[in-house]
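Residue strings, one per chain:
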Amino acid sequence: MQPAMSEVEKKLREALRSARPARWLASTPHPVLAEALGRWADAPSDMHDHLGALFAETLAARPRLIIELGTRGAVSTRALLAAAEVADAEVVSVDIQDCSSLDMSERFARRWRFVRSDDIAFAGEPFALFCAERGLPPQAEAIFIDTSHTYEQTRAELEHWLPRLAPEGVMMFHDTNMGDGWFRRLDGAVSRGWDNQRGVIRAIEERLGRRWDESTYFVDVADGFLVRHAPWSSGFTALRRLGPGA
Ligand SMILES: C[S@@+](CC[C@H](N)C(=O)[O-])C[C@H]1O[C@@H](n2cnc3c(N)ncnc32)[C@H](O)[C@@H]1O
């Protein structure tokens, strides 16, 4: 049994707590991930604190094909390409804007295809055709969604892309905790975002029949998925499809 705390110890603990507010730093020690990220390994971005989780969740799905919906500055793309390099897989990034120029070495760039399209439009026939041309089944082991962060769009993405998720695949979402328009990073820094009215997390809750407090760190098992949620940096949620019998 732990000995009772003395008054001096209690005061010391309180003093330490206020002098050293909770903060952590995210690092990316894996050499392939570090190489793929380059300067993005340290540059502040709303994805920064989730790059390690994105890499790990993707690798754990033993990917052949990785899909990224929402590309913009391609920060997340780099973590996905690192996973692709380790797993010998391919990454397809989709965006309605032209995001086709990627400043990366051939080691990673050769694994990347960019498709300019609305992500819902690409989920149907175009995706099936894309896979058939490569001799792949029309499914992906890892799908990362980071588009408009609205409820309607996320609902549509779940409807059209869940059928494309491999039996033990993982679907990951950024922006599942956008709060009231401010987000806090792991290191304690606060930045301005926007209030999406719980759009992304609400659509996932409805799909899986659950209600969560997305400002907390949690894991859950719901409707055949293992759910892992990190609340910092606008939130990152991974839905890993559990195999038959789960
Ligand atoms: C938040 S940014 C993506 C950031 C990126 N994942 C990164 O880490 O740098 C969102 C992107 O989603 C794209 N987007 C929005 N709606 C879309 C849709 N319906 N289909 C495809 N892309 C969409 C936008 O053009 C924008 O480039």
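Residues numbered from 1 in each chain as written. Predicted model: local features only at pLDDT ≥ 70, side-chain atom pairs only at ≥ 80, totals over all residues. Heavy atoms only, no water.

## Some thoughts on the packing of aromatic side chains
Per the stated rule, a full pass over the model turns up eight aromatic pairs. Ring geometry for Phe122 against Phe130: centres 6.1 Å apart, planes inclined by 80°, an arrangement best described as edge-to-face. Given a relative accessible area of 4%, Phe122 falls into the buried group. Relative to Trp161, the ring of Phe122 lies with its centre 6.2 Å away and its plane at 35°, an arrangement referred to as tilted. Remark: Trp161 occurs in helix α8 (residues 151–161) and Phe122 occurs in helix α6 (residues 119–123); sequence separation between them is 39 residues. (Phe/Tyr/Trp six-rings, centres within 6.5 Å; stacked < 30°, edge-to-face > 60°. Buried < 20%, exposed > 50% of the residue type's maximum accessible area, 1.4 Å probe, protein only. Helix = DSSP H or I, 4+ residues; strand = E, 2+ residues; numbered from the N terminus.)

## Re the environment of Thr150
With respect to the element layout, Thr150 can be found in the loop between β4 (140–145) and α8. A C-alpha to C-alpha distance of 9.6 Å links Thr150 and Asp175, two positions 25 residues apart in sequence. If we skip the residues at most four places from it in the chain, Thr150 touches Trp194 and Gly199. (Contact = heavy atoms within 4.5 Å.)

## Looking at the packing of α8 against helix α9 (residues 199–208)
Relative orientation of the contacting elements α8 and α9 amounts to 40°, with a least axis distance of 8 Å. The angle between the axes of α8 and α9 places the two elements in the oblique class. As α8 packs across α9, the resulting crossing turns out to be right-handed. Seen from α8, the contacting residues are Tyr151, Thr154, Arg155, Leu158 and Glu159; seen from α9, they are Gly199, Val200, Arg202, Ala203, Ile204, Glu206 and Arg207. Residue composition of the contact of α8 with α9, by class: five nonpolar, two polar and five charged. (Axes fitted to C-alpha atoms, helices over the stretch in contact; angles between N-to-C directions. Parallel < 35°, antiparallel > 145°, perpendicular 65-115°, else oblique. Left-handed = near helix turned anticlockwise from the far one by under 90°. Nonpolar A, V, L, I, M, F, W, Y, C, P; charged D, E, K, R; others polar.)

## Quick notes on the side chain of Ser117
One can find Ser117 in the loop between β3 (112–116) and α6. Residue Ser117 is classed as buried on the basis of its relative accessible area of 17%.

## What about the site of the ligand?
Residues in close proximity to the ligand total 18 residues, the closest being Ser76, Asp95, Asp118, Asp119 and Asp146. The separation between a nitrogen atom of the ligand and a polar main-chain atom of Gly70 is 3.2 Å. Val75 is positioned with one of its backbone polar atoms (N or O) 3.2 Å from an oxygen atom of the ligand. Protein burial of the ligand: of its 610 Å² of free accessible surface, 88% is covered by the chains. (Near = heavy atom within 4 Å. Polar contact = N/O pair within 3.5 Å; in protein donor to acceptor, adjacent residues only side chain to side chain. Areas by Shrake-Rupley, 256 points an atom, 1.4 Å probe, with all protein chains shown as cover.)

## Overview of the pattern of salt bridges
For side chains of opposite charge, pairing can occur when their charged atoms come near one another. If you walk through the whole model with that rule in mind, you get 14 salt bridges. A salt bridge links Glu57 to Arg228, with the nearest nitrogen and oxygen atoms 3.0 Å apart. Residue Glu57 is found in helix α3 (residues 51–60), and its partner Arg228 is found in strand β9 (residues 225–230); the two are separated by 171 residues along the sequence. Its salt-bridge partner being Glu205, residue Arg211 comes within 3.5 Å of it at the nearest N-O pair. (Salt bridge = Lys/Arg side-chain N within 4 Å of Asp/Glu carboxyl O.)

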